[in-house]
Amino acid sequence: MSHREELEKLAKACEECWGKDIASLDEHLERCPVCQEYKRKSEKIYQMMEAVHMFASKPEDERRKILGARMEQFSTMPEEKRIIAIDDMLDSIAELCEEDRIKITKTRTDIITSLPKQKKEILMGTLKKVMAGWPEDRKMMEKQAVIAATQDYFILKRMIVRKMFKKMLE
């Protein structure tokens with residue numbers, strides 16, 4: 001579920017809860033422990049979305065440094081935690097406009113292609129597991145981002161990387 005969908009779900013649940021109360025929305029949100037939890041969750045999701053948007057606006061070298069460190073962390077996590085972390089990261093990226101999504105996809109792809117074989121295989125294996133559960137439209141969106149992100153690669157590298165991601169998204 002995307003972050004935007006999760007926010008919609010939380011808003012709907014809170015709206016339904018408030019509908020059973022005679023108090024104003026402000027009073028309800030102040031008193032209801034369930035909706036206070038929804039509020040905390042929604043604020044956390046929104047902050048994550050904002051952070052990813054700000055990340056996309058950073059210069060390439062800063063993005064590469066930050067994302068490179070994060071991907072290094074991913075490669076050392078236990079698989080279950082790595083799947084959750086990468087899934088969250090990819091969900092955040094999916095919420096961005098196409099231009100920003102391509103910027104981050106390019107940075108991610110550049111980092112993956114620069115990794116030693118063992119780390120690359122760990123991360124690519126996790127990416128494949130995460131992406132396997134995506135609907136076709138989401139897979140298509142990722143394919144298009146990879147195509148755009150690899151446009152400036154020399155032909156052989158471009159073909160290899162696109163093939164690698166195509167296999168992953170099948």
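Given the structure is predicted, the values throughout are model-derived calculations rather than measurements. Counting of residues starts from 1 at the beginning of each chain's written sequence and follows it residue by residue. For a predicted model such as this one, the threshold for reporting local features is a pLDDT of at least 70, and the threshold for listing and counting side-chain atom pairs is 80 or more; totals across whole chains, interfaces and linings nevertheless cover every residue. Hydrogens and water are ignored here; the side-chain numbers use all heavy atoms of the structure.

Draft legend 1. Inspection of the pattern of salt bridges at higher detail. Whenever Lys or Arg places a side-chain nitrogen within 4 Å of a carboxyl oxygen from Asp or Glu, that contact is recorded as a salt bridge. Per the stated rule, a full pass over the model turns up 14 salt bridges. As a salt-bridge pair, E60 and R63 come within 2.6 Å of each other at their nearest N and O atoms. Of this pair, E60 and R63 are both found in helix α4 (residues 60–76), three residues apart, which corresponds to roughly one turn of the helix. Burial status follows relative accessibility: with a 1.4 Å probe on protein chains alone, a residue under 20% of its type maximum counts as buried, one over 50% as exposed, and anything between as partly exposed. According to the relative accessible area criterion, R63 is buried, its value standing at 5%. For the purposes of this entry, the term helix denotes a DSSP run of H or I that reaches at least four residues, the term strand denotes a run of E that reaches at least two, and both are numbered from the N terminus.

Draft legend 2. How the structure looks around the confidence of the model for the protein chain. pLDDT gives the predictor's per-residue confidence on a scale running from 0 to 100. Summarising the model, the protein chain shows a mean pLDDT of 92, and 99% of its residues fall at 70 or more. Ranking the helices and strands of the protein chain by mean pLDDT puts helix α6 (residues 98–114) first, with 95, and helix α1 (residues 3–19) last, with 89.

Draft legend 3. Representation of the packing of aromatic side chains within the structure. Think of it this way: a Phe, Tyr or Trp ring, Trp meaning its six-membered ring, pairs with another when their centres are within 6.5 Å, and the plane angle makes it stacked under 30 degrees, edge-to-face over 60, tilted otherwise. Considering all chains together, one arrives at zero aromatic pairs under this definition. Counting as a charge over the ring demands two things of the Lys NZ or Arg CZ atom: a distance within 6 Å of the ring centre and an angle within 35 degrees of the ring normal. In this structure, R138 packs its charged tip against the face of W134, placed 3.9 Å from the ring centre. Positioned over the ring face of Y153 is K157, at 4.3 Å from the centre of the ring.

Draft legend 4. Region of interest: a nonpolar patch on the surface. Two joining distances apply to patches: 9 Å for like charges and 5 Å for nonpolar side chains (Val, Leu, Ile, Met, Phe, Trp, Tyr), and every residue must have over 30% relative accessible area and no salt bridge. Throughout, the Shrake-Rupley method with a 1.4 Å probe supplies accessible areas, and for residues the shown protein chains are the sole cover considered. Taken together, the side chains of F154, I155, L156, M159 and I160 present a nonpolar region at the surface, about 560 Å² in accessible area. Secondary-structure assignment places I160 in helix α9 (residues 155–168). Owing to a relative accessible area of 52%, I160 belongs among the exposed residues under this scheme.

Draft legend 5. Highlighting α1. Over its 17 residues, α1 extends 24 Å from the first C-alpha to the last, a length consistent with the 24 Å expected when each residue adds 1.5 Å. Turning to α1, its buried residues number three or more, namely H3, L7, L10 and C14. In a view along the axis of α1, the buried residues occupy a sector of 65°, so they form one face of it. Turned more than 90 degrees away from the buried face of α1 sit E8, K9, K12, E15 and G19, all of them exposed. Packed against the buried residues of α1 are α2 (25–31), α3 (33–57) and α5 (79–94). For a helix, the expected span equals 1.5 Å multiplied by the residue count minus one. Within this analysis, the arc is defined by the directions that extend from the helix axis to the C-beta atoms. Only heavy atoms enter the contact rule, under which two residues are in contact if any of them lie within 4.5 Å.

Draft legend 6. Focus on the nonpolar core. Side-chain atoms within 4.5 Å are what join buried Ala, Val, Leu, Ile, Met, Phe, Trp, Tyr and Cys residues into a set we call a nonpolar core. Ranked by size, the top nonpolar core spans 29 residues in total, and within it F74, L90 and L127 carry the most contacts. Of all the secondary-structure elements, those providing two or more residues to this core are α3, α4, α5, α6, α7 (117–132) and α9. Not counting residues up to four positions away in its chain, the partners in contact with L127 are I86, L90, I112 and M168.

Draft legend 7. Layout of the side chain of H28. Mapped onto the elements of the fold, H28 is located in helix α2. Of the residues examined, H28 reaches a relative accessible area of 3% and is grouped as buried. In this view, H28 contacts C14, C17, W18, D21, A23 and C35; residues no more than four positions away in its chain are not counted.

Draft legend 8. Looking closely at the environment of R31. Take R31: it is sitting in helix α2. The class for R31 is exposed, based on a relative accessible area of 52%. Apart from residues lying up to four places away in sequence, R31 is in contact with D21, A23 and Q36. Here D21 takes part through its side chain, which lies 3.3 Å from a polar atom of the side chain of R31. Counted as a polar contact is a pair of N or O atoms within 3.5 Å, where, for protein atoms, one must be capable of donating a hydrogen and the other of accepting one, and residues adjacent in sequence contribute only when both atoms are in side chains.

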